[in-house]
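# Structural features, examined
Listed below are the residues making up each chain.
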Amino acid sequence: MTPKNLEDLYVHQLRDLYSAETLIIDALPRMAKKASNPQLRKAFEMHLEETKQQKERLDQIFSRMDISPKGQTCKAMKGLIAEAEDFIDEAKKLFGSDSPSAVLDAGLIAEAQRVEHYEISAYGTVATYAETLGLHSDHQLLSATIAEEKKTDSMLSDLAKTMVNPAAVTA
Ligand code: FE
Ligand code: FE
Ligand code: FE
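Residues numbered from 1 in each chain as written. Chains lettered and ligands numbered in written order. Predicted model: local features only at pLDDT ≥ 70, side-chain atom pairs only at ≥ 80, totals over all residues. Heavy atoms only, no water.

### What to know about the coordination of the iron ion (ligand 2)
- For the iron ion (ligand 2), the protein coordination sphere consists of Asp16 (OD), Asp16 (OD), Cys74 (SG) and Tyr118 (OH), at 1.8 to 2.4 Å.
- The site at the iron ion (ligand 2) holds four donor atoms, and with the angles between them running 57 to 141°, its shape is irregular.
- Ordering the donors of the iron ion (ligand 2) by residue number gives the pattern D-x57-C-x43-Y. Taken together, the residues span a long stretch of sequence, with aspartate 16 in helix H1 (residues 6-34) and tyrosine 118 in helix H4 (residues 102-132) at a distance of 102 residues. (Donors = N, O, S within 2.8 Å, 3.2 Å for Na, K, Ca; no water. Tetrahedral: all angles 85-135°; square planar, octahedral: opposite > 155°, others 65-115°. Helix = DSSP H or I, 4+ residues; strand = E, 2+ residues; numbered from the N terminus.)

### Some thoughts on the pattern of salt bridges
- The final tally for this structure, using the stated rule, is six salt bridges.
- Between aspartate 26 and arginine 30 there is a salt bridge, with its nearest N and O atoms 3.7 Å apart. A residue pair is termed a helical-turn pair when its members lie 3 or 4 positions apart in one helix, as aspartate 26 and arginine 30 do in helix H1 at four residues.
- Here arginine 30 falls in the partly exposed class, since its relative accessible area comes to 35%.
- Taking the shortest distance from any N to any O, the salt bridge between glutamate 148 and arginine 57 comes out at 2.9 Å. (Salt bridge = Lys/Arg side-chain N within 4 Å of Asp/Glu carboxyl O. Buried < 20%, exposed > 50% of the residue type's maximum accessible area, 1.4 Å probe, protein only.)

### A word on the nonpolar core
- Counting 26 residues, the largest nonpolar core has Leu40, Phe44, Met77, Leu108, Ile109 and Leu156 as its most contacted members.
- Where this core is concerned, the elements lending two or more residues are H1, helix H2 (38-65), helix H3 (75-95), H4 and helix H5 (136-169).
- Leaving out residues up to four positions away in the same chain, leucine 108 has contacts with Met31, Lys34, Ala35, Phe44, Phe87 and Ile88.
- Tyr10, Val11, Phe62 and Ala122 belong to the second-largest nonpolar core, a separate cluster that totals 18 residues. (Core = buried A, V, L, I, M, F, W, Y, C linked by side-chain atoms within 4.5 Å. Contact = heavy atoms within 4.5 Å.)

### Focus on the coordination of the iron ion (ligand 1)
- For the iron ion (ligand 1), the full set of protein donor atoms is Glu21 (OE), Glu21 (OE), Gln54 (OE1), Glu119 (OE) and Glu149 (OE), and the range of their distances to it is 2.0 to 2.4 Å.
- Binding-site remark: the iron ion (ligand 1) is held by donors from one chain whose sequence spacing is E-x32-Q-x64-E-x29-E.

### Some thoughts on the environment of serine 137
- As for its position among the elements, serine 137 is in helix H5.
- When the C-alpha positions of serine 137 and isoleucine 61 are compared, they lie 8.7 Å apart, and in sequence the two are 76 residues distant.

### Some thoughts on the environment of glycine 134
- Mapping glycine 134 onto the fold places it in the loop between H4 and H5.
- Residue class for glycine 134 comes out partly exposed when judged on its relative accessible area of 37%.
- For glycine 134 and alanine 106, which are 28 residues apart along the polypeptide, the C-alpha to C-alpha distance reads 41 Å.

### Points about the side chain of aspartate 153
- Mapped onto the fold, aspartate 153 is located in helix H5.
- Buried and unpaired, aspartate 153 has lysine 150 as its nearest opposite-charge partner, separated by 9.1 Å.
- For aspartate 153, the side chain forms a polar contact with the side chain of histidine 117, separated by 3.0 Å.
- Setting aside residues up to four positions removed in sequence, aspartate 153 forms contacts with Gln113, Glu116, His117 and Ile120. (Lys, Arg positive; Asp, Glu negative; His and termini not counted. Polar contact = N/O pair within 3.5 Å; in protein donor to acceptor, adjacent residues only side chain to side chain.)

Set out below in structure tokens:
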């Protein structure tokens, strides 16, 4: 479908995000399983629950518009997740199958932050569209999600700076 106006583009961008969140819900449990730092694991598990809520918020927006959230694939998120999976596979070769390491954790944070930044950018765009279109309740829902993505991003930065990266220096 070629978007003809801002509302069409809004739907297009929301479907991309719906696909992205669906892919993340699938990937986060695997990332949590690979994290050896307990706080990192917990951060991934917590964000998995938030991500399910975020998908629920998008569902609310789509049901108000009475249209399907499906029909699009976020190729960028597929690519980011593929990179994360590749990294996990490579790390297994480097460090052995059952040697959890701070380097692996640092790499997981690097991949996860790419995901959060994509989301912060994309949700920022749709929140701005919602504002222009006068969709106040959508704007509120999307802003709640942006706050969670930003909080997750800064939590990952803190974990990296205070624990994981220093531990990886001499891992
Ligand atoms: Fe999300
Ligand atoms: Fe996308
Ligand atoms: Fe997120």
